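The chain contents come next:
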Amino acid sequence: MTTSTSLLYWRIQNVRNRGLWWLFAVVAAFIALYVYLFPGLLSTGGISKFSQNWFPLALVSMAQAVLMLAGGISLSIGATVSLGGVIAATLLAGPLGVAGGSAVVLLVGAATGLASGWIVVRLGLPAIVVTLAASFIIAGWALLIMPRPGGAVPAWFSDLLAGNTPVALGLLVLVVLLWKLYLATPLGLSLYAAGENPVGAYRSGAPVDLSRIAAYGLSGLLCAAAGLFVAAQTGAGDPVIGNAFTLNSIAAAVLGGVGFLGGRGTMRGALAGSLLLSIMISVMFFLGLPPVAQYVAQGLIIVVAVALPEIAAMRRPRT
Amino acid sequence: MTSPTERFAAARWQAVLRSRPMLTVAMVALAWIGASFFQPGFGGWRHLRYLLELAAIVGLVSIGQTLVVVAGGIDLSVGAIVTVSAIGVPLVTWLADPTGTAPALFILLCATLIGALNGLGIALLRVHPMIMTLAMATFLQGVLILIAGGSAISAQNAVLSWLGNARPGGISASVLLWLLASAIALWLLHKTPFGARLFALGTNPLATSLSGIGVRSTTIAVYAISGFTAGLAGALVLGVNGQGYVGIGDSYLLASIASVVLGGTSILGGRGTYAGTIPGAILLVTITALITMLNASAGWRNILFGTLIMALLLLSGRERQRR
Amino acid sequence: AANCIKGDRKPPYTIGWANIYSVPTWMKETQGTIEKEVDALKAKGLVSKLVVTDAQGDANTQIQQIQSMIDANVDAIILIAGSSSAPARVLAAACAKGIAIMNFDSLVDTDQVTAKINTDSAQWGAQAATWLIDAMGGKGNIIVLNGPAGVSVSDDRRKGATPVLAAHPDIKILTETNTAYNVAPAQEAVTNLLFANQQIDGILSLGGALSAGAINALDKEGRPMVPITGENARQFLEMWKSKNLKAWATMQPNWLGAFATYAAVQALQGKDVPAFVKIPLPVISNANVGEYLAKAGDFPADGYIYSPYSDGLFDQLLAQK
Amino acid sequence: MTQDAIVAARSISRSFFSNRVLNDVSITLRAGTIHALLGENGAGKSTLIGILSGALAPDAGDIDIDGVRHAAVRPAIARAAGIAVVQQELSLTSQLSIAENVGMGALPRRLGLIDYSALMRRAHEVCALVGLEQDLARPVGDLPLGQQQLVEIAKALFRKPRVLILDEPTSSLSAHEAANLMAVLRRLRDAGTAVLYISHRLNEVLALCEWVTVLKDGVVTADRSLGGVDAQGLVRLMVGREPGDLFPRWTPSAEPAPIIAVEGLSAGMVRDVAMTIRRGEVLGVGGLVGQGQEDLLLGLYGAIPAVAGRAEFNGVVGLPRSVPQANARGLAYVPADRKREGLHLIHSIAWNLMIPSFGRAPSLAMRRTASERERAIALADRLGIKGDLTREVQALSGGNQQKVALAKWLPSDPPVLLLNDPTRGVDVDTKREIYALLRRFAAEGRAVVLLSSDTPELVNLCDRVAVMRAGRLVRVLERTELSEEAIVSAAMESAVPGAAA
Ligand SMILES: Nc1ncnc2c1ncn2[C@@H]1O[C@H](COP(=O)(O)OP(=O)(O)OP(=O)(O)O)[C@@H](O)[C@H]1O
Ligand SMILES: Nc1ncnc2c1ncn2[C@@H]1O[C@H](COP(=O)(O)OP(=O)(O)OP(=O)(O)O)[C@@H](O)[C@H]1O
Ligand SMILES: [Mg+2]
Ligand SMILES: [Mg+2]
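Residues numbered from 1 in each chain as written. Chains lettered and ligands numbered in written order. Predicted model: local features only at pLDDT ≥ 70, side-chain atom pairs only at ≥ 80, totals over all residues. Heavy atoms only, no water.

A.B. asks: What's the story with the overall build of chain D in this structure? I'm lost.
C.D. replies: A tally of regular secondary structure across chain D gives 17 helices and 23 strands. Taking 501 residues into account, the globule formula puts the C-alpha radius of gyration at 23 Å, and chain D, at 23 Å, falls close to it. Seen through its principal axes, chain D has C-alpha atoms that stretch 70 × 55 × 50 Å. Out of the 501 residues belonging to chain D, those deemed buried represent 60%. Residue pairs in contact within chain D that sit at least 24 positions apart in sequence constitute 67% of those at least 6 positions apart. Summing over all exposed atoms, chain D offers an accessible surface of approximately 18,100 Å²; the carbon and sulfur share of this is 51%. (Helix = DSSP H or I, 4+ residues; strand = E, 2+ residues; numbered from the N terminus. Rg over C-alpha atoms; globule rule 2.2 N^0.38 Å. Buried < 20%, exposed > 50% of the residue type's maximum accessible area, 1.4 Å probe, protein only. Contact = heavy atoms within 4.5 Å. Areas by Shrake-Rupley, 256 points an atom, 1.4 Å probe, with all protein chains shown as cover.)

Listed below in structure tokens is the structure:
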């Protein structure tokens, strides 16, 4: 009995890969192509640099996926990354030091997320517009703190996170482990229930509101962490650097099979989606595509990658 | 058996007054009256007329956006379509026509086709609208690299510059165009089976499909309409500015979504009316104008704008949680 | 030798052009000058290939693309930065590998590049303000039109104008705006400001196509034209002529791209290149606006009419200390 | 058998927007008793249990739990007192596994984390109890509706309830699963659990319950022991007048020529089915839950991809490729899951009734409010949908929602009606109306395909019954061989080679 019971967790995990194999295959194919075009990728330096460029997108994709799983969405991802970055570049070299400064960044990120979450969940406003309005407010704060790019991050910290060692990859693994740990708590698992069937989940006694607000908090935290990393990676702060992350995070999550209606998708899918987006940039460069072709190819790849499993699902008999 | 009045509770005039669109109208009136007190020059007829002209363009884009949102989707490519249209008209020089009607119609056709292509991807490939239209916007950026700066020898387009600048009887031609388009949009949405299909689709696509409504054709049609109205707005933008350039349509994406939401249409689909979007668009340009007039730093202007939108949402956008 | 250059790279060179956003017309014209220069250098056997990236406006993507250029071991990177801070560290890595880095237009706050090439933004702001105050007779109400917020070029130009304006207490700034360097948003902002401010005596417009938008606004509301500054946008220059404006313009010449390419090859060949090549601001005034407009047909309708350039001019610029 | 009251509600009243749904209702649930709560659709049953379980607050009245008085029960109090509810509407999360769903809201934990071994062990127990033999790691969304209902029941049992409230738990279960469930409930009762059982299947109530409370328009009209009450008496209690027969008398009217004939049909989990449907007959489709019955209907309706060796529909060769095409050939489909598949909940009753005609009418034809109203009223009258038709459908009780889902197809006079459990959750009176309606359809020369989990319905109403198992059609029982036993044994037959256990 015990052997089969302790395996339940892993069997569930395995079932959840279903529908993602094709995506993993596409990602693997892109990685193979990348390695073929640039064999240096397989060195420590190559992996380090690549994972550093992927890391912030991976974090914001997780931030978006958490919300989409909870039946929400955020359009303030980019602004929160920027805010995190400018606070980091203001504080890290100051009296609070790296540890204190980082703590403030993460706290501010979580607080902005919790505030949006509270408004969405408690006041019953649609997430997409609340976070749109929030994005203006957050971006405004970033501009007030730093009207133009500047500030500084201690060089040792930059070298630690974004030097020639794969620290970023290690951090990503850590974040994924923490996420698995979170999902293994009743609060974390309730996320799926709250996202898909909030009424049913509430009646079952799942902490619906709490888990949804917590999702916003986590999301803000992840965005601020991405901002902190970008500040370290670039050595400074920039009040508008995060803008592109908003739409990219949605694209990554959806590529990874996370649905808009809540409760559908997995974090591993969102991560694979972000990896695909990130790899695409480098692969298109090494293929020597001109910018026109880059835009067209990017649009096509995203549409095809999202459409493929849908079409496959239509053909597959229901079980 | 039973009398119609018993089975159909009459809509009371109090209910109409308390409806979302009326609420938005009230907010516009409040904003205008308040601003006229605090900002000399704001409440003049000429300024209000100018705000209506700005709102006309936003409003035209929002026609498609409202229909799409009612049908449970969203169109993130409207900004790119506005740009393509504003840049495209002067480029179709082979359609020589002194009135400029032929090139304008041709570009409207292209815009409609782009929209239909969105619809095809969403209906047939089952790509989520947000992704499909986002990818379309990216794709159109690629197209713009090819045609932008392509020596648009802007032969002035007579029809469009009349639409963009004329004020017959003191009322702007663009506003008249908007009125006409609004009437058609309201008729389409509330008085035709097509409009009813949009509401059905936005409420429950599965039940809609099982009820024998052609979900695919409806989807394709509604995105085509959105392409058309965005194209029309782009043509008008060209008329107003006398020239199109890359990026001219960018601001209309968020503006169209914001005015739809401020007008009380549910972003989740299935509920709403263009009658709310009209004051929504006016409200949005009014807020933007007010904030422009303030002498504040960019950061504060952003914060103020976000806070105002959030506050207005609390008034007009309360959404019963549903699924 | 110039900064970053190790002297181990032999022609023909591979040039990487790390663009931030290739869609706008200004960028397209700039790319045109780069391609033309590359063709000329190819003919001389100095360049073998031009690789182009487009970061789609995203500074993070640009970092990744520069990293790819390093991985592909290009010999030179010419760069318009998406952020004045973000690419600093990846550029340091490129510099360490002996890649010639020519940064122009939007600059990066780092000295780990071979050279920065630009007009002086602060000087731009100061000169524009000086001319405007002069044209207004030293007093009156103005509005200030800035480029987008949070971007150093726009911030620098405004900062350059600040001391000049402060020195003239009779000049009153009614209000300022930040918009993208485009016609429509400027027109909308100025129109709204016109209604709020009955007396406007001058417009300090700090670049891009903002001035054309402002003139459109004045024109449509039937307000008198006022002294205005601006940039070399074709539409603005055409209005200037047709409405007989009192105006002043300078430019960010598109041939900065060609020059950066040229300078990169020079540096790779061991020539000394100054760390900062300051491009004198070409001034367009009522005296010479006709000359520019005579060439208008060679430029896109929504484009920028830039001053002529030649290798001779480039050599001269490189020779300055 | 003990008689201790665990929950006693007194003088409960509750209104929704000035519409009084419960009026001075009292009910007592005792340990070791299975207590039936009956009433017509919209009588207030679900509202009452919502109040007992803390999902809703009463406007007036109070509730004693274990002798402690509460003005309103909060969900936490109800949970702590061991009150568990199997809701009428599913409360499941489709992407989570069966085990996680069963445990949701009461997950066993160790060091703050979910204890998956304990979850596995206990979920396994309760699933075995309700007869759900599935891999517990499977996502619930994979299961057919009937099995999801079993998960829902297992979820309630998982909480080891002292008071178990079931709101129409068997509405989509077949006779076999229902019998299984009743055995479980009897065992729980014997162990001292108080059970409150809501069902519109009166034979179940008679077989199972000892006590009954009847609600009518929000008022208690009976609260008594079921001893000595027979089926007729039960109906009399509910509707307050002499009941007629539940099933109409009818004579076979089937024409020999089929209106639909398919061979080698495969769709979803349906494999290689050959069948004919004749004008003038009611063809039943039965079997255990989730054996492909629904996919059969959807495949015929063009709603899921289907292939067939040979197919003829109403004279046209080939399967319909889409729903509008199926409609054009005269098919109409009424889904089982009315909320998800049948209705547009946030819109009015009248509007819902018009939807199929919106699909048929030319896109830009002018809609006429007056004629739409007339048609809506006529339809509502025909199926006995009472009250203001501008109300949102979501405010209707389950049974009335079902009527709307069926009524909307009537104006198009479809020659073939595909019905997926049309009486699920419908009260006896309405059932009677629907049955009469179905036979009338048949008599008019229409074909009705009736997928039903309610076996008596199949026996008494159908000309023939097709029994499915594992996606295949295993038997077609002719009228002469029809009986509940015959259907159940055909459904359970393991003679079919290759059929899964
Ligand atoms: N793109 C990827 N490439 C390689 N491995 C990946 C990728 N994404 C995720 N993984 C690995 O797969 C495992 C599972 O991923 P993850 O935990 O993020 O998904 P998940 O959390 O199980 O999804 P869910 O949200 O349901 O639990 C992890 O060990 C993770 O490192
Ligand atoms: N949330 C609500 N808003 C408005 N009215 C409601 C709501 N919930 C229930 N009602 C109304 O309360 C009445 C009782 O509904 P309830 O669901 O309790 O009936 P029921 O007895 O369970 O019926 P059924 O057998 O059909 O399930 C109905 O008339 C219904 O329309
Ligand atoms: Mg996980
Ligand atoms: Mg009920």
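A.B. asks: I'm lost on the side chain of Q13 of chain A in this one. Help?
C.D. replies: Residues and elements named next belong to chain A. Take Q13: it is sitting in helix 2 (residues 8–15). Look at Q13 and you get buried, because its relative accessible area is 12%. Within polar-contact distance, the side chain of Q13 engages the side chain of K180 at 2.7 Å. Ignoring sequence-local partners within four residues, the contact set of Q13 consists of K180 and R268. (Polar contact = N/O pair within 3.5 Å; in protein donor to acceptor, adjacent residues only side chain to side chain.)

A.B. asks: Explain the site of ligand 1 here, please?
C.D. replies: Residue and element names in this part refer to chain A. Among the 13 residues in the neighbourhood of ligand 1, the closest are listed as R16, W179, K180, Y192 and R268. Between ligand 1 and R268, the relevant distance is 2.2 Å, taken from an oxygen atom to a side-chain nitrogen or oxygen of the residue. At 3.5 Å from a nitrogen atom of ligand 1 is found a main-chain nitrogen or oxygen belonging to A272. Its free accessible area being 610 Å², ligand 1 has 69% of it covered by the protein chains. When residues of the shell around ligand 1 are traced back to their parent elements, those giving at least two are helix 9 (167–183) and helix 14 (267–286). (Near = heavy atom within 4 Å.)

A.B. asks: Looking at this model, I keep getting lost on the sheet that holds strand 4 (residues 60–65) of chain D. Mind explaining?
C.D. replies: Strands pair in a sheet through their backbones, by hydrogen bonds, and they do so in one of two ways: parallel or antiparallel. Residues and elements named next belong to chain D. As summarised here, the arrangement of the 4 strands in space is 2-1-4-5, forming an open sheet in which the pairing is antiparallel. Strands at the two margins of the open sheet, each flanked by one partner only, are strand 2 (19–30) and strand 5 (68–70). Shown here is a sheet whose adjacent strand axes are inclined to one another by a mean of 20°, direction ignored. In the sheet, strand 4 pairs with strand 5 via 3 bridges, with the strands oriented antiparallel. Looking at strand 5, one finds that I65 is bridged to V68. (Pairing = 2+ DSSP bridges. Axes fitted to C-alpha atoms, helices over the stretch in contact; angles between N-to-C directions.)

A.B. asks: What am I meant to see in the pairing of strand 9 (residues 228–231) of chain C here?
C.D. replies: Both faces of the sheet carry side chains from a regular strand, because those side chains alternate between them. Residue and element names in this part refer to chain C. Alternating positions in strand 9 separate into two faces, I228 and G230 on one and T229 and E231 on the other, with burial throughout. The sheet contact formed by strand 9 and strand 10 (residues 247–250) spans 4 bridges and is parallel. Paired with I228 across the strands is A247, a residue of strand 10. With helix 8 (residues 234–242) bridging strand 9 and the parallel strand 10, this β-α-β connection has right-handed handedness. (Right-handed = clockwise from strand over helix to strand, strands pointing away.)

A.B. asks: Would you mind going over the domain arrangement of chain D with me for this structure?
C.D. replies: Put simply, an interface is often sized by how much accessible area is lost when its parts join up. Residues and elements named next belong to chain D. For chain D, the assigned domains are domain 1 (5–239), domain 2 (253–330 + 415–425 + 445–501) and domain 3 (337–413). Distance between the C-alpha centres of domain 2 and domain 3: 27 Å. Tallying the contact residues gives 9 residues for domain 2 and 8 residues for domain 3. Looking at the side of domain 2 facing domain 3, the largest losses of area belong to P422, R424 and R446, adding up to 46% of the total buried there. At the junction of domain 2 and domain 3, the tally comes to 1 salt bridge. The salt bridge involving R446 is made with D413; its shortest N-O contact spans 3.6 Å. Linking domain 2 with domain 3 are 3 residue pairs in polar contact (both at pLDDT 80 or more), by the criterion used here. (Domains from an automatic or database assignment. Buried area = accessible area lost by both parts, 1.4 Å probe. Salt bridge = Lys/Arg side-chain N within 4 Å of Asp/Glu carboxyl O.)

A.B. asks: It is not clear to me how the packing of aromatic side chains should be interpreted in this structure. Could you clarify?
C.D. replies: For any pair of aromatic rings, the description consists of the separation of the ring centres together with the inter-plane angle of the planes. Counted under the stated rule, the structure contains 26 aromatic pairs over all chains. Relative to F286 of chain A, the ring of F38 of chain A lies with its centre 5.4 Å away and its plane at 10°, an arrangement referred to as stacked. Of this pair, F38 of chain A sits in the loop between helix 3 (21–37) and helix 4 (44–69) while F286 of chain A sits in helix 14, placing them 248 residues apart in sequence. The class for F286 of chain A is buried, based on a relative accessible area of 17%. Geometrically, the ring pair formed by W351 of chain D and F358 of chain D is tilted, given 5.8 Å between the ring centres and 50° between the ring planes. The pair W351 of chain D / F358 of chain D is uniform in exposure class, with both members buried. Each member of the aromatic cluster is reached from another via a ring pair, and the members are W255, F259, Y262, F299, Y306, Y309 and F314 of chain C. Above the ring of W124 of chain C, the side-chain terminus of R157 of chain C is found at 3.6 Å from the ring centroid. (Phe/Tyr/Trp six-rings, centres within 6.5 Å; stacked < 30°, edge-to-face > 60°. Lys NZ or Arg CZ within 6 Å of the ring centre and 35° of its normal.)

A.B. asks: It is not clear to me how the nonpolar core should be interpreted in this structure. Could you clarify?
C.D. replies: Soluble globular proteins tend to bury their nonpolar side chains together. M102, I117 and F236 of chain C together with L185 of chain D are the most contacted members of the largest nonpolar core, which has 459 residues in total. With 15 residues, helix 4 (residues 45–70) of chain B is the single largest residue contributor to this core. Excluding residues that lie within four positions of it along the chain, M102 of chain C makes contacts with I77, I78, L79, T114, A115, I117, A260, A263, A264, A267 and V273 of chain C. Residues V21, V85, V163 and A194 of chain D belong to the second largest nonpolar core, which totals 29 residues. (Core = buried A, V, L, I, M, F, W, Y, C linked by side-chain atoms within 4.5 Å.)

A.B. asks: So what exactly am I meant to see when it comes to the pairing of strand 7 (residues 171–178) of chain C here?
C.D. replies: Residue and element names in this part refer to chain C. When strand 6 (residues 140–146) meets strand 7, the two strands line up parallel, connected through 7 bridges. Each bridged residue has a counterpart across the sheet, and for G140 the counterpart in strand 7 is I171. A crossover links strand 6 with its parallel partner strand 7, the connecting element being helix 5 (residues 152–166), and its sense is right-handed.

A.B. asks: Can you walk me through the site of ligand 2 in this structure?
C.D. replies: All names here are of chain D. Taken together, 18 residues surround ligand 2, and among them G42, K45, S46, T47 and A395 come closest. Take A43: an N or O atom from its main chain is 3.2 Å from an oxygen atom of ligand 2. Within the contact set of ligand 2, an oxygen atom lies 2.7 Å away from a side-chain nitrogen or oxygen of K45. Burial of ligand 2 by the protein chains amounts to 81% of its free accessible area of 630 Å². Elements represented by at least two residues in the shell around ligand 2 include exactly helix 1 (45–52) and helix 14 (398–407). Broken down by element, the residue count for the shell around ligand 2 peaks at 3 residues, all from helix 1.

A.B. asks: What am I meant to see in the interface of chain C and chain B here?
C.D. replies: Every contact between the two is made by 33 residues of chain C and, on the other side, 37 residues of chain B. With both sides pooled, the region where chain C packs onto chain B buries about 3,000 Å², and carbon together with sulfur makes up 48% of that total. Taken together, chain C and chain B are joined by 2 salt bridges. Taken together, chain C and chain B are joined by 11 residue pairs in polar contact (both at pLDDT 80 or more). When residues of the side of chain C that touches chain B are traced back to their parent elements, those giving at least two are helix 1 (25–43), strand 7, helix 6 (183–196) and helix 7 (210–220) of chain C. Ranked by residues supplied to the side of chain C that touches chain B, first place goes to helix 6 of chain C with 11 residues. Taken together, the residues of the side of chain C that touches chain B sort by class into 15 nonpolar, 11 polar and 7 charged. (Nonpolar A, V, L, I, M, F, W, Y, C, P; charged D, E, K, R; others polar.)

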